[in-house]
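These are the residues of each chain, in order.
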Amino acid sequence: MIVTPLHRSAFAVSPAAMDAALQRFLQSTTAAPAAQEQGSQDGNTFTIALDVPGLARDQLTIELQDKTVRLSSVEGAPRSVQRAWKLPAAIDAAQSKAALENGVLTLTLVTHQ
């Protein structure tokens, strides 16, 4: 076995960066399964259903910007959710809607054609 000595600079990582890396690792290995999502399209209406068990309506943030929709959980929520989808056309926020029922978030997104 060949052993190569490591220089001290190989471990020159700030404690904050190490803490952030540890948090990402712990969140990715939690016992909760990954959120399941389903999507469909009917003309200019896109429907996305995403499992978000344990999260209440006020613990989720939905942002619509041009062709992109972003979903994230607020700080302090019991679980972390971050997703983004890009649609082929701009989203009409006035006609789009979201519903949270029995741990399933359903986004109905209408696009401008």
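Residues numbered from 1 in each chain as written. Predicted model: local features only at pLDDT ≥ 70, side-chain atom pairs only at ≥ 80, totals over all residues. Heavy atoms only, no water.

**Student:** Help me understand the pairing of strand S3 (residues 60-65) in this model?
**Tutor:** Along any regular strand, the residues point their side chains to alternate faces of the sheet. Pairing of S3 with strand S4 (residues 68-73), which is carried by six bridges, proceeds in the antiparallel orientation. Its bridge partner lying in S4, leucine 60 is registered against serine 73. The antiparallel pairing of S3 with S4 creates a hairpin that spans two residues between the two strands, and aspartate 66 there sits at a positive phi of about 55°. (Pairing = 2+ DSSP bridges. Helix = DSSP H or I, 4+ residues; strand = E, 2+ residues; numbered from the N terminus.)

**Student:** When you look at the sheet that holds strand S5 (residues 82-86) in this model, what are you seeing that I'm missing?
**Tutor:** Hydrogen bonds between backbone atoms are what pair the strands of a sheet, whose relative direction is either parallel or antiparallel. With antiparallel pairing, three strands are arranged side by side in an open sheet as S3-S4-S5. On the outer flanks of this sheet lie S3 and S5, each paired with one strand and no other. Across this sheet, the average inter-strand angle for adjacent strands is 10°, counted without regard to direction. Strand direction decides the pairing type here: S4 and S5, joined by five bridges, are antiparallel. Within S5, the position partnered with serine 72 by the bridge is glutamine 82. (Axes fitted to C-alpha atoms, helices over the stretch in contact; angles between N-to-C directions.)

**Student:** Is there a simple way to think about the environment of aspartate 51 in this case?
**Tutor:** Position of aspartate 51 relative to the elements: it lies in strand S2 (residues 45-51). Note on aspartate 51: relative accessible area 30%, which makes it partly exposed. Separated by 15 residues in the primary sequence, aspartate 51 and glutamine 36 have C-alpha atoms spaced 5.4 Å apart. (Buried < 20%, exposed > 50% of the residue type's maximum accessible area, 1.4 Å probe, protein only.)

**Student:** Would you take a moment to explain the pattern of salt bridges for this structure?
**Tutor:** Any two side chains of opposite charge can pair, so long as their charged atoms come close to each other. Taken as a whole, this structure holds one salt bridge when the rule is applied. Of the charged contacts in the structure, one is a salt bridge between glutamate 37 and arginine 83, with a shortest N-O distance of 3.4 Å. Of this pair, glutamate 37 sits in strand S1 (residues 37-42) while arginine 83 is found in strand S5, placing the two residues 46 residues apart along the sequence. For glutamate 37, a relative accessible area of 39% translates into the label partly exposed. In this structure arginine 83 comes out as partly exposed when scored by relative accessible area, which is 27%. (Salt bridge = Lys/Arg side-chain N within 4 Å of Asp/Glu carboxyl O.)

**Student:** Is there a simple way to explain the environment of valine 69 in this structure?
**Tutor:** For valine 69, the position within the fold is in strand S4. According to the relative accessible area criterion, valine 69 is buried, its value standing at 0%. Considering only alpha carbons, one finds valine 69 and leucine 107, 38 residues apart in sequence, at a separation of 9.6 Å. Apart from the residues lying within four places of it in its own chain, the contact partners of valine 69 are Ile62, Glu63, Leu64, Arg83, Ala84, Trp85, Ile91, Leu107 and Leu109. (Contact = heavy atoms within 4.5 Å.)

**Student:** What's the story with the pairing of S2 in this structure? I'm lost.
**Tutor:** Here S2 shows a buried face lined by Phe46, Ile48 and Leu50 and an unburied face lined by Thr45, Thr47, Ala49 and Asp51. Summarising the sheet, S1 and S2 pair through six bridges and their orientation is antiparallel. Of the residues in S2, the one forming a bridge with glutamate 37 is leucine 50. Taken together, S1 and the strand that follows it, S2, pair antiparallel across an intervening segment of two residues, in which glycine 43 is found at a positive phi of about 65°. Two strands pair when backbone bridges link them, and S2 and strand S7 (residues 104-110) are joined in this way by seven bridges, in the antiparallel orientation. Across the sheet, aspartate 51 pairs through a bridge with valine 104, a residue of S7.

Geometry only, nothing functional implied.
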